[in-house]
Amino acid sequence: MTERATALDRVLRQAGGPEILDVLAERLSGADLTTLLLEVMRRRARALSPADVLRRYGQDRFVAPAPVPFGRLRRAEDAVLSALPDGVEVVTLAPVAPLGACSALGPVDQNKVVSTVRNSEVAADPTNALALEAAQRRRAAAGPEPVRLAALQRVTRAQRFEGAAFYAHFTLFALVTAGRDTGDLAFERRHAAEHLAILAEAVRACGIPDPEARVTVLDGRFERVAAPLDAKPDPDRESGRGYYTGLCYKIYGGGLEVGDGGFVDWTARLLGNRKERLLISALGVDRLA
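Here the structure is a predicted model, which is why all the values come from computation and not from measurement. (Residues numbered from 1 in each chain as written. Predicted model: local features only at pLDDT ≥ 70, side-chain atom pairs only at ≥ 80, totals over all residues. Heavy atoms only, no water.)

Caption draft 1: Structural detail: the nonpolar core. By size, the foremost hydrophobic cluster in this structure holds 37 residues, and its most contacted members are Phe173, Leu247, Tyr249, Ile251, Leu283 and Leu288. Counting 20 residues, the second largest nonpolar core, distinct from the first, contains Val91, Leu105, Ala134 and Ile280. (Core = buried A, V, L, I, M, F, W, Y, C linked by side-chain atoms within 4.5 Å. Buried < 20%, exposed > 50% of the residue type's maximum accessible area, 1.4 Å probe, protein only.)

Caption draft 2: Inspection of unusual backbone geometry at higher detail. A positive phi angle, near 60°, is found at Asp184, a position not held by glycine. Assignment of secondary structure puts Asp184 in the loop between β5 (169–180) and α7 (186–205). You will see that Asp210, though not glycine, has its phi angle at about 55°, which is positive. Mapped onto the elements, Asp210 comes out in the loop between α7 and β6 (212–217). (Helix = DSSP H or I, 4+ residues; strand = E, 2+ residues; numbered from the N terminus.)

Caption draft 3: Layout of the side chain of Glu276. Its location among the elements puts Glu276 in strand β10 (residues 276–284). You can call Glu276 buried: its relative accessible area is 4%. One polar contact links Glu276 to Arg138, side chain to side chain, over a distance of 2.9 Å. The residues contacting Glu276, other than those within four sequence positions of it, are Arg138, Gly179, Arg180, Thr267, Ala268 and Leu271. (Polar contact = N/O pair within 3.5 Å; in protein donor to acceptor, adjacent residues only side chain to side chain. Contact = heavy atoms within 4.5 Å.)

By themselves these figures say nothing about function.
Next comes the structure, spelled out in structure tokens:
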């Protein structure tokens, strides 16, 4: 039994038995569960003193200020935005996303994001939110013209990371392109080259010379997409398999991994149309700063 399962078993025994989990997860509607949890949080907050809040502030890794100086981070944000070409719209995303924005689209455990009591989750990846926005726009337009969106967002991840430049919250620069399959992998070839060019220019704009892209082909057909890219082959990459489709890549700057991206099937599933295509990319702005 895992540590998490052991802890859950202990909590359920204290709460009156395992059936309470079925009631909360399956029998209560979303609105009723929110009503219950809001009252639970109200009562727990009412019991806290100012000293309790200050103590939690000093202990909780999710609420501590970023270790990267504000000025450096702000300059890096401006630098990456300067790399965007005309036609890419910068979107100001909400700090929360619908519950399941990560786990329903990609193979991501819900425990890796910070869920709220209002059937939402704290933003964990701007590419997911941009994919939802792109799907809305694609459904409204229903034409061949691709939707090209970008965003800067401070996100929070619940899983623990080890090593330098790993924080509970950090800023991501995200880029998505959504469109229709036009045959001959034309969408994929055009926009993979565009994303990699933007990412490389963004890294250089942060004062890091000679960024390097490494591309991994996940489907043999995408060898045609990878061949003309200014990227090194990375056939041994393991991360991202099962998350990306066709082709994925990593971006390195100054010897550090600073970005990631690839094709996903999210808009095809969101819109119920296998002809829909989506390419996502992201850079870690804290690392660049």
